[in-house]
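Tertiary structure, described
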Amino acid sequence: TISNSVDEMMIPPMTKRTRHCNEENEDKFSDLPDCVLIHILSFLNTKNAVGTCILSTRWKHLWKRIPTLTLHCSDFSTLRSFDKFVSSILSLRDDSIVLHSLDFDRNGSVESRLLKKVANYVFSHNVKLRRLGIDVKGDICHILPCISSCQTLTSLKLSVSPKGRYNYEKTLFPKSLNLPMLTYLHLGNFAFCAGGDGPIEPFSAFNRLNGLVIDNCTVKDTQILCISSETLVSLTMRNHSFDFYRIELSAPSLCTFAFIGTPYQMLCGRHLNAIKQVNIDAEMLANYTEPPMILLSWLIDLANIKSLTVSASTLQVLSLIPDFLKDKLSFLRSLKSLKVKLKPLAYGLSMTLKTDKLEKALKAGSELSSPIPDGIVDFLLQNSPSTDVDIADCSRFDDSFDQLPPISSSLFPQFLQPSSQEHVMDDLHQRIQQLKKVVLLTKQYLHLAKEEITRERDELLALKGHMMRLSKTLDALEQQMHMAMNLWQ
Amino acid sequence: MAAEKSSIKIITLIAADGSVFEVEPNIVKEMKTVQSYIDELDQNTVSIPLPNVFGNDLAMIIEYCKKHASEEETKEAKEEFDFEFVKRMKSDDKLRLLQAASYLNMESFLQFMAKAIAAEIENQSVEFVRDYFQIESDFTPEEEAELRKENEWAFK
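Only a predicted model underlies this, so the values are computations on that prediction, with no experimental measurement involved.

1. Topic: the overall build of chain A
The secondary structure content of chain A amounts to 14 helices and 18 strands. Every one of the 489 residues in chain A was classed for burial, and the buried ones make up 53%. Put simply, chain A shows about 23,000 Å² of open surface, and 53% of that area lies on carbon and sulfur atoms.

Next comes the structure, spelled out in structure tokens:
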């Protein structure tokens, strides 16, 4: 087939494009070099990549030479088959091929032996490793030495929760991590612990840090988390806990702040003015007092926001501040662009709003159920009326908020979220109180709804479903408390 | 940089089907095969035949290079362009562009195409992938069964 390569060029493109029109087409992509095929395979999850071994003789051993390993348990039917896969890959992969990237993501408590095996593999292939991701439930001491050894690492995603059925504790963030080339750091389920002297600055050692994601993390023995970095440009946080602490930013280059979840942490620091772009997707399960106020304080304290992107639920959370539309605020003076992303509201928040609005409606007779609260856009733009406003339906596809995987949903996950508070029993007690409050609220809504919307049978049916889910959640939580009590006493 | 030394103002690229494209030097910077050729020259214009790339494909590659070489375009606009660029292509187009990218030694465009192709074959059946790359299996059914058994840890 070498000789016909010149002839093939003479074939007009339209003929060439038609499949099966002549025999020469059969092997038309076979002249792609191995390295190009390996390039394609490196973008696949490793399970798929290994699967190509039965395509033909040429592909039989190609997978052994891929420089990236994407090992996700979600690609497997059981954890046992996943573990077997990981072991086999590490044994059979061509040892002489450099490793550029390894991403190991496994649910449930991982056997120390497997974790050590992965760590050893990283350790012995760390010369050119640029990207490392480890998301496990296990003991961080098994992987810490291997991470520290990867001096070429530019991207690290680390989520380590302690073993055990419930995640009452977080893993303490190691102080000794020194990765000079690191530009992107994603941390999940860590507690940043105060040292002997002064506030904690866990990130000041990463001299090139550009992007930081703090997912479901907290602080221990302190009320302040300092984020100090000369180079940090983008900060993303997700929080579903009730942990109240302050985040002190000392990051003069910080330009983008993104937040997902329930706002419980105050922002402070000298460089808040540097932040130009803010993305917020806030939600609440019930009508708590603090988060709406904290959300508003962010918009006031981040005085130089040029571009603000919010989900509709963020505006709904803001609207729960009593009478706040009447206030004249000196905020958002530099705003040039406001984007509102319409997405279906989370269940808890939509119930809270319904109750809140129905109360108001019974008093004042105002309209119900608009995805964006009336008057709120004008309120946000009171100091920058010429801002571009873009309202987009994002139930389909979303760029800025989708970088964090969704928290698995059963019952009301926010209530069953791992907690980091020192006193587990207190925390559980607090949550039960909060959940009871929601139950009360819903009962109240049921009562109001009976008066107001007796004709809307669908609504009533949905409410009953809601009550059932709530009581199931409450049962689960009480059972959890019971078990925790046995565990701790 | 080597490219700055060259005095070339306009580069004429001639595709396999004879179609002609006139481009500025910054457009071909990504095409290392072309770049290394013009680095050697000291003249204002040059014609380069590309016998392995068809006109339709070259037009798309140039469109991509123009967008990505532009300093006025924002990162978001470029991402949006990439998204639409891949969307309007059939799988054959992607493979031909990948071939062209490999021939022209275009690192980031090759990466872009490889990623788009990977997205199409991810989680697909063996038959689908064979058909996609137009691979004729040279395994007997027995050999294939043997191979599956040998690597059964990867098929669960």
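Here the narrative resumes.
2. Here's the deal with the domain arrangement of chain B
Residues and elements named next belong to chain B. With domains assigned, chain B is organised as domain 1 (2-122) and domain 2 (123-156). Summarising the inter-unit geometry, the C-alpha centres of domain 1 and domain 2 are found 34 Å apart. On the domain 2 side, the residues contacting the eight residues of domain 1 number seven residues. Interface of domain 1 and domain 2: buried area, both sides summed, is about 680 Å²; carbon and sulfur atoms make up 58% of it. By the criterion of area lost to domain 2, the three top residues of domain 1 are L95, I121 and E122, representing 66% of everything that side buries. Where domain 1 meets domain 2, there are zero salt bridges. The interface formed by domain 1 and domain 2 holds four residue pairs in polar contact (both at pLDDT 80 or more) in total. For the side of domain 1 that touches domain 2, the elements supplying multiple residues, two or more each, are α6 (91-104) and α7 (107-121). Per-element accounting of the side of domain 1 that touches domain 2 gives the leading share, four residues, to α6.

3. What about the sheet that holds strand β1 (residues 10-15) of chain B?
Residue and element names in this part refer to chain B. Ordered in space as β2-β1-β3, the three strands form an open sheet in which the pairing is mixed. Lying at the two open borders of the sheet, with one neighbouring strand each, are β2 (20-23) and β3 (45-50). When strand polarity is set aside, the average angle formed by the axes of neighbouring strands in this sheet is 20 degrees. Where β1 and β3 come together, six bridges link them in parallel fashion. Note on β3: the bridge partner recorded for I11 is V46. Each of β1, β2 and β3 touches helix α4 (residues 55-69); the most contacted strand, β2, lies at about 15 degrees to it.

4. Things to note about the packing of aromatic side chains
Here the distance between the centres and the angle between the planes together describe a pair of aromatic rings. Residues and elements named next belong to chain A. For the structure shown, the criterion picks out 24 aromatic pairs over all chains. Plain terms: the ring middles of F173 and F190 are 5.4 Å apart, the flat faces sit at 85 degrees to each other, and that makes the pair edge-to-face. Here F190 lies in strand β7 (residues 190-193) and F173 lies in the loop between β5 (171-172) and β6 (184-188), a separation of 17 residues in the sequence. Classification of F173 by relative accessible area gives buried; the value is 10%.

5. Here's the deal with the UniProt feature "domain: SKP1 component dimerisation" (unreviewed entry) in chain B
In the numbering used here, UniProt assigns the "domain: SKP1 component dimerisation" (unreviewed entry) feature to residues 110-154 of chain B. Measuring from the first to the last C-alpha atom of residues 110-154 of chain B gives 28 Å, for a span that is 67% helix and 0% strand.

6. Details of the pattern of salt bridges
Considering all chains together, one arrives at 17 salt bridges over all chains under this definition. When the shortest N-O distance is used, the salt bridge between A:D83 and A:R106 registers 2.8 Å. Separated by 23 residues along the polypeptide, A:D83 in helix α5 (residues 79-92) and A:R106 in strand β2 (residues 101-109) bring together distant segments of the chain. Here A:D83 matches A:R106 in class, with each residue buried. Its salt-bridge partner being B:R148, residue B:E144 comes within 3.6 Å of it at the nearest N-O pair. With B:E144 and B:R148 both in helix α9 (residues 141-150), this residue pair falls four residues apart, about one helical turn. Taken together, the shared-partner salt bridges connect B:E127, B:R130, B:E144 and B:R148 into one network.

7. Here's the deal with the interface of chain A and chain B
Counting from both sides, the interface comprises 41 residues of chain A and, opposite them, 44 residues of chain B. Across the chain A to chain B interface the summed buried area is about 4,000 Å²; carbon plus sulfur atoms make up 63%. At the junction of chain A and chain B, the tally comes to zero salt bridges. Where chain A packs against chain B, one counts six residue pairs in polar contact (both at pLDDT 80 or more). Counting residues per element, the ones that place at least two in the side of chain A that touches chain B are α1 (5-10), α2 (13-17), α3 (34-41), α4 (46-51) and α5 of chain A. Looking at which element gives the most residues to the side of chain A that touches chain B, the answer is α5(A), with six residues. Here the residues of the side of chain A that touches chain B are counted per class, giving 20 nonpolar, 10 polar and 11 charged.

8. A few points about the environment of A:V136
Structurally, A:V136 is set in strand β3 (residues 131-137). Once residues within four sequence positions are removed from consideration, A:V136 is found in contact with A:F104, A:R106, A:V110, A:L115, A:S159, A:V160 and A:S161.

9. Considering the packing of α3(A) against α7(B)
Contact geometry for α3(A) and α7(B): axes closest at 8 Å, N-to-C directions at 60 degrees. The orientation of α3(A) with respect to α7(B), classified from their angle, is oblique. Considering how the two elements wind past one another, α3(A) and α7(B) form a crossing that is right-handed. Contact residues: α3(A) offers A:V36, A:H39 and A:I40, while α7(B) offers B:L110, B:Q111, B:A114, B:I117, B:A118 and B:I121.

10. Digging into the sheet that holds strand β14 (residues 266-269) of chain A
Residues and elements named next belong to chain A. Here we have three strands laid out as an open sheet, ordered β10-β12-β14, and parallel in their pairing. Each edge of the sheet is formed by a strand with only one pairing partner; in this case those strands are β10 (224-228) and β14. Ignoring strand direction, the axes of neighbouring strands in this sheet form an average angle of 25 degrees. Direction of pairing for strand β12 (residues 246-250) relative to β14: parallel, over a ladder of four bridges.

Parameters at a glance
Sequence order sets the numbering: in each chain, residues are counted from 1 along the sequence as written. As they are written, the chains are lettered A onward and the ligands numbered 1 onward, keeping that order. Per-residue local features are limited, in this predicted model, to residues with pLDDT of at least 70; the limit for side-chain atom pairs, both in listing and counting, is 80 or more; totals at the level of whole chains, interfaces and linings are taken over all residues. Calculated side-chain values reflect all of the structure's heavy atoms, with hydrogen atoms and water omitted. Counting from the N terminus, the helices are the DSSP runs of H or I reaching at least four residues and the strands are the DSSP runs of E reaching at least two. Each residue gets one of three labels from its accessible area relative to the maximum for its type: buried under 20%, exposed over 50%, partly exposed in between, using a 1.4 Å probe on protein chains only. To measure how exposed things are, a 1.4 Å probe is used in the Shrake-Rupley method; for residues, cover is taken only from the protein chains shown. Throughout, the edges of the domains are those of an automatic or database domain assignment. Throughout, a residue-residue contact means that at least one pair of heavy atoms, one from each residue, lies within 4.5 Å. Accessible area that two parts lose when put together, with a 1.4 Å probe and added across both, is what the buried area reports. In the sections that follow, a salt bridge refers to a side-chain nitrogen of Lys or Arg positioned within 4 Å of a carboxyl oxygen of Asp or Glu. We define a polar contact as two N or O atoms separated by no more than 3.5 Å, with the added condition that, inside protein, one atom must be a possible hydrogen donor and the other a possible acceptor, whereas residues neighbouring each other in sequence contribute only through side-chain atom pairs. By this definition, two strands are paired if DSSP reports at least two bridges between them. Here an axis means a line fitted to C-alpha atoms, over the contact stretch when the element is a helix, while the angle between two N-to-C directions is reported on a 0 to 180 degree scale. Each Phe, Tyr or Trp ring (for Trp, its six-membered ring) is paired with any other whose centre lies within 6.5 Å, and the angle between the two planes then decides the class: stacked below 30 degrees, edge-to-face above 60, tilted in between. UniProt positions are given in the numbering used here, feature names are shortened, and annotations may be inferred rather than shown by experiment. All amino acids are sorted into three groups, where Ala, Val, Leu, Ile, Met, Phe, Trp, Tyr, Cys and Pro are nonpolar, Asp, Glu, Lys and Arg are charged, and the leftover types, Gly among them, are polar. Throughout this description, any angle smaller than 35 degrees is read as roughly parallel, any larger than 145 degrees as roughly antiparallel, any in the 65 to 115 degree range as roughly perpendicular, and the remainder as oblique. Crossing chirality is assigned from the near helix's rotation relative to the far helix, an anticlockwise turn below a right angle marking it left-handed and a clockwise turn marking it right-handed.

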